[in-house]
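# Structural characterization, general
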Amino acid sequence: MGRAAGNRDDWWGADKTSAAGTSNGAGGGSRGAVVSGATPNHPAAVTRPEPDIPFDPVVVAEEEAVLVVDKPPFLPSTPNGRLVRTTVLQRLRDRFGEPDLTCVHRLDRLTSGLLLVSRDPATRGAYQRMFQDGRVAKTYECLTVVPDDWTPGESRDVVVELANVDGERGVRVRDVSLDDGPSRPVGTDADEPALPWRTAATRVTYVGPVAADIGDVLPGMFGGAAGGAHAASCGCGTCGTRMTVGKWRLQPATGRTHQLRATMAHLGYPILGDDTYPDDLGLDLADVTRVLRLVATELKYDDPLDGSPRTWRSARDVTDPLADPSY
C-alpha cells in the first residue's frame, strides 16, 4: 500500500519552509541539567543548559501502583541524553516527591496524550509485561490533509515493515506486499548487513473532515480574514489558517518506534506538524511552535494486579494539542 495520488505534494510543500535547523536546544530560556556526577576524571558535576519547555503533564488519575498522565507536546517522556530535567518523568518526580516513578511506556517527544507511570518498583514489571505482551488496547487520533482515496468511516488494516538506520532520525518503511524497496540503504555494498526490518501493524480509520487552525505548519498562509472553512488544497496565501483537514483514528497492534507517523506518511498522508516525515526538517529542542497533531486518546487494559478493567481517555483536543485538557 504505497502513497496515494493527488495534488497533496504541492500543498504539503508549503510546509517545508519552516525547517527548524539543527540546534542542540541550548538557547533562549533554559535550565541546567546534570550530565555526570563527580568521578576521578570529572571532579565536579558537569551541567549544560536545557530549553525551558513551558508545558506540563496533567495528572488524569492516581492509583496506588500507577499514575495516568496526559502528556503535552514537546516534553519528552523520559531523559534522552539531551534533556534530563525537562521531561515528563522528572517533573512528576519533583511534583510528587517520588524518585521511583518510572514511565511504563513512552510517547514521542512531539506526541501528546495518555502515559502510564509506575509508582512502585515491586509491581512495575507486571505493567511493563502488559505492554510487551500486547494486552493494552491503544487508540490515537491525528490530523492530515483531507484524503482523496478514503471515505469517512472507512477502516484498513495496514501492515508495513520498519527499520532503524544509524545516523537517521526517522525510520525507513517498506510495504512487503509491493516489494517496496531494497533491504539495504542505497549505495551500500552487497556484503553489508541487511536492515533490521520489523513488522508494524495498525488499524487505520478515516473519521472524516474537521476544521482546525493549522497556521503553525503553514507559514506561507498567514494573513487575510480569520476563520472560515477552506479546502486543504487552498494555496492562495490570503485565506487565513483555519482549514478543513482530515481526522483519523489509529489503533496500533504493535509498538514500533515512530510507527504511526511513518505509517501515515507511507500512505501519503503525513501527520500535520511532523518534523521527520516525509522530510527531516532538523531538530531544535527549543522550538515549541510547530505542533504535531497526534494524540494518544485512549488506554484500555485489565489491571495486572486486581484484574479489573481500566479505560482511560484523554480530554486533549487533537485540533489543538497545546490547549490544557479539562478533567
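Structure: see above.
The structure contained in this document is the topic of the report that follows. (Residues numbered from 1 in each chain as written. Predicted model: local features only at pLDDT ≥ 70, side-chain atom pairs only at ≥ 80, totals over all residues. Heavy atoms only, no water.)

This next bit is on the overall build of the protein chain. Within the protein chain, the secondary structure is distributed over 4 helices and 13 strands. Taking all 327 residues of the protein chain together, 47% fall into the buried category. Look at the contacts in the protein chain between residues 6 or more apart in sequence, and 66% of them connect residues 24 or more apart. Summed over its atoms, the accessible surface of the protein chain is roughly 15100 Å², and 48% of this surface lies on carbon and sulfur atoms. (Helix = DSSP H or I, 4+ residues; strand = E, 2+ residues; numbered from the N terminus. Buried < 20%, exposed > 50% of the residue type's maximum accessible area, 1.4 Å probe, protein only. Contact = heavy atoms within 4.5 Å. Areas by Shrake-Rupley, 256 points an atom, 1.4 Å probe, with all protein chains shown as cover.)

Before going further, it helps to spend a moment on the side chain of serine 314. On the secondary structure map, serine 314 appears in the segment after β13 (309–313). Overall, the relative accessible area of 15% leaves serine 314 in the buried class. Looking at serine 314, its side chain comes within polar contact range of the side chain of aspartate 70, at 2.7 Å. At a separation of 3.0 Å, a polar atom in the side chain of serine 314 contacts the main-chain amide nitrogen of arginine 316. (Polar contact = N/O pair within 3.5 Å; in protein donor to acceptor, adjacent residues only side chain to side chain.)

On to the pairing of strand β6 (residues 112–118). Most of β6 is tucked away: 7 of the 7 residues are buried. As defined by bridge partners, strand β4 (residues 66–71) adjoins β6 across 6 bridges and the pair is classed as antiparallel. Looking at the pairing, valine 68 lines up with leucine 116 of β6. Bridge count between strand β5 (residues 102–103) and β6: 2 bridges; the pairing is antiparallel. Within β6, the position partnered with threonine 102 by the bridge is serine 118. (Pairing = 2+ DSSP bridges.)

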